[in-house]
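Working through the structure, step by step
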Amino acid sequence: MDRQWGILKKIFGWYGLLGCVFFMTLGTLYYKTHQLMAISEEMVGTSYRLSTLAKSMLEQLLAMEENEKKFLVLRNPQYKEYFASSLKEFEVHLSEALGLLGGTGDALPLENVAHEFHSSRPAVLMAMDGEPTGTLWIPEETLNRWIQKVSLFKEMEERRTQIANRSLHQHGRTALRWGFIGIAVSLAACLLGAFSLARSIRRPLRELQRGIRALTRKGSAEPVKILSKDEFGELAFAFNEMLHRLDEEERLRTDFLSMLTHEIRNPLTTVRESIRLVEEETMGPVHASQKRFLNLALRELDRIGDLLGQLLQTSRLESQTLHMDPQVIGPGDLVNAAVHRAAPLGQAKGVIVHSSVADDLPNIIGDMDHLQRVLMNLVANAVKFSPSGATVHVRAEKDAEGRVVFSVRDQGPGIPKAEQPLVFRKYYRVSSFQDHFDGTGLGLHIAKHIVEAHGGKIWVESEPGQGSTFFFHLPVKG
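Everything numeric in this text was worked out from a predicted model, so none of it was measured. (Residues numbered from 1 in each chain as written. Predicted model: local features only at pLDDT ≥ 70, side-chain atom pairs only at ≥ 80, totals over all residues. Heavy atoms only, no water.)

It is worth spelling out the confidence of the model for the protein chain at this point. Residues with a pLDDT of 70 or more make up 79% of the protein chain, whose mean pLDDT is 78. Per-element averaging of pLDDT across the protein chain places helix 6 (residues 288-319) at the bottom with 69 and strand 5 (residues 404-409) at the top with 93. (pLDDT = per-residue confidence, 0-100. Helix = DSSP H or I, 4+ residues; strand = E, 2+ residues; numbered from the N terminus.)

Take a look at the structure:
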């Protein structure tokens, strides 16, 4: 058969899909985390520094204004030094802020301040080196304008920081959402893959299990359905081929037994009739010792004839539909007929055959001869396996569903649990009985075939050492 997706391919396919989803989730998380780090770095490395520089520049401008006014009032050279120091720090911080901004549009307020500052700086330094004139080195209007522009820049940086914080929060929520989606998708893919894989394995396994159990319990089975084209499909195909070959071999064996039985019965009949003629002294007188051996030969010939009859009946049952003459049968009549026929067997072995039929049992529908053969076979087996002095109980009673159930209970050695499902198979004999009791293993197989042909069911209940009870039920009239 053409195999497409094997078990290994299915496993690797599902886990490959799961791996793709997993790594896509990791990639998304890495990308979002990288964005978060970039935003965080920008906030910490640039915006925070610019905000700090803007705050420092405002403090220095205010310090320059304060020290300038104090010098004009107090004429203390120390305030001039304070002014010069603040001026220098302002220039350094302004240059650093412009360097961080790199000529972007956000640098415009500081660029205007820097342009005015560098334009007025020579004059400020010259005024500081000259004699005090009573005027400010940097006019108050200029300082206020610079303070206003730096404050504007500071507000812009604070606003940028707020925007970056919101963006950071948004990216964090997005990363969390996509991470959750990725995990959920991975889990769903994992569960779906596991369910699909388990189902693709479980269905053909159950079908094979059904076929194997039927073959084990019944000795035959219907071909199993081929539900896949993987290794299990190949196994089901091989199982069906095995069943086909077994059926062919069984048919050949049945045909051979049927032919052999017919071929043996003719010379066997000739031998039996010849012995009878000798026994009846047709060809001359026969003394007692010779007659005893002739009777022994006739009994053995009858036993061989019974064996051939069972083989022939088995062959006919399996090669064609059982021919039945259905009629209304009273359960008591069936039980009494079987017990009457089995009485000589019980007397010969010293086993009592006791019958019990419940009152008001409904009549059953079936073929009297075939059903007598079933019940007679069960009683004969019970007598054979029961010790001398034991009692075989034959009963007919009604079960909870209103069916007539026949049972035959013996006091024999019992049947092991493991072998109870096998006793109805053709030629099967319980392993512990093979060396102690004669038999062909065909009687129960024939009984099962007849009961099931009537629409009934036959089964056994047994405990080792406590005897066995064989049951079968049949459809009732109406």
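Next comes the rest of the write-up.
Turning our eyes to something else, we now look at the pairing of strand 6 (residues 457-462). In strand 6, alternate side chains face the same way, and those of Ile 458, Val 460 and Ser 462 are buried while those of Lys 457, Trp 459 and Glu 461 on the opposite face are not. Across six bridges, the pairing between strand 6 and strand 7 (residues 468-474) is antiparallel. Bridge pairing in strand 7 places Val 460 opposite Phe 470. The hairpin turn running from strand 6 into strand 7, its antiparallel successor, is five residues long, and Gly 465 in that turn takes a positive phi close to 85 degrees. (Buried < 20%, exposed > 50% of the residue type's maximum accessible area, 1.4 Å probe, protein only. Pairing = 2+ DSSP bridges.)

On to the pattern of salt bridges, then. In this structure the tally under the stated criterion is 11 salt bridges. Two residues, Glu 463 and Lys 417, come together in a salt bridge whose shortest N-O distance is 3.3 Å. Here the residue Glu 463 occupies a position in the loop between strand 6 and strand 7, and Lys 417 occupies one in the loop between strand 5 and helix 9 (443-453), the gap between them amounting to 46 residues. Note on Glu 463: relative accessible area 37%, which makes it partly exposed. Linking Lys 448 and Glu 452 is a salt bridge whose minimum nitrogen-to-oxygen distance equals 2.9 Å. Within this pair, Lys 448 and its partner Glu 452 are both found in helix 9, separated by four residues, close to a single helical turn. On the basis of relative accessible area, Lys 448 is assigned to the buried category, the value being 18%. Owing to a relative accessible area of 45%, Glu 452 belongs among the partly exposed residues under this scheme. One salt-bridge network, in which partners are shared between bridges, spans Glu 65, Lys 69 and Glu 140. (Salt bridge = Lys/Arg side-chain N within 4 Å of Asp/Glu carboxyl O.)

It is worth spelling out a nonpolar patch on the surface at this point. Where nonpolar side chains cluster on the molecular surface, the patch consists of Trp 178, Phe 180, Ile 181 and Val 185 and spans about 400 Å² of accessible area. Residue placement: Ile 181 occurs in helix 4 (residues 140-218). For Ile 181, a relative accessible area of 34% corresponds to the partly exposed category. (Patch = residues over 30% accessible without salt bridge, like charges linked within 9 Å, V, L, I, M, F, W, Y side chains within 5 Å. Areas by Shrake-Rupley, 256 points an atom, 1.4 Å probe, with all protein chains shown as cover.)

Attention now moves to the sheet that holds strand 6. Taken in spatial order, the five strands of this open sheet run 2-4-5-7-6, and their pairing is mixed. The two strands at the open ends of the sheet, each matched to only one other strand, are strand 2 (352-357) and strand 6. The mean inter-strand angle of the sheet, taken between neighbouring strand axes irrespective of direction, is 15 degrees. Relative to strand 7, strand 5 is paired through six bridges, and the arrangement is antiparallel. When the sheet's bridge partners are listed, Val 404 is paired in strand 7 with Leu 474. Of the strands in this sheet, strand 2, strand 4 (391-398) and strand 5 are in contact with helix 7 (residues 331-349), which crosses strand 2 at around 175 degrees. (Axes fitted to C-alpha atoms, helices over the stretch in contact; angles between N-to-C directions. Contact = heavy atoms within 4.5 Å.)

Once that is clear, we can look at the side chain of Ser 407. Along the polypeptide, Ser 407 turns up in strand 5. The residues touching Ser 407, leaving out its near neighbours within four places in the chain, are His 393, Val 394, Arg 395, Thr 469, Phe 470 and Phe 471.

The next point concerns the nonpolar core. One finds Val 394, Phe 406 and Phe 472 to be the most contacted residues of the largest nonpolar core, which totals 40 residues. Looking at this core, the elements that each hand over two or more residues are helix 7, helix 8 (368-385), strand 4, strand 5, helix 9, strand 6 and strand 7. Among the elements that make up this core, the one with the highest residue count is helix 8 (nine residues). Every residue in contact with Phe 472, bar those within four places of it in the chain, is listed here: Val 374, Leu 375, Leu 378, Val 404, Val 405, Phe 406, Val 451, Lys 457, Ile 458 and Trp 459. Residues Met 57, Leu 87, Ile 147 and Val 150 belong to the second largest nonpolar core, which totals 29 residues. (Core = buried A, V, L, I, M, F, W, Y, C linked by side-chain atoms within 4.5 Å.)

The next point concerns the environment of Ser 356. By the secondary structure assignment, Ser 356 is in strand 2. Sequence separation of Ser 356 and Gly 332 is 24 residues, and the distance between their C-alpha atoms is 8.5 Å. Apart from residues lying up to four places away in sequence, Ser 356 is in contact with Val 394, Arg 395 and Ala 396.

As a further point, take the side chain of His 445. If you trace the backbone, His 445 turns up in helix 9. Judged by its relative accessible area of 14%, His 445 is buried. From its side chain, His 445 meets the backbone oxygen of Phe 424 in a polar contact 3.3 Å long. (Polar contact = N/O pair within 3.5 Å; in protein donor to acceptor, adjacent residues only side chain to side chain.)

Counting buried residues in helix 9 gives eight out of 11 residues, a clear majority hidden from the surface. Looking at the residues trailing helix 9, positive phi occurs at Gly 455, about 85 degrees.

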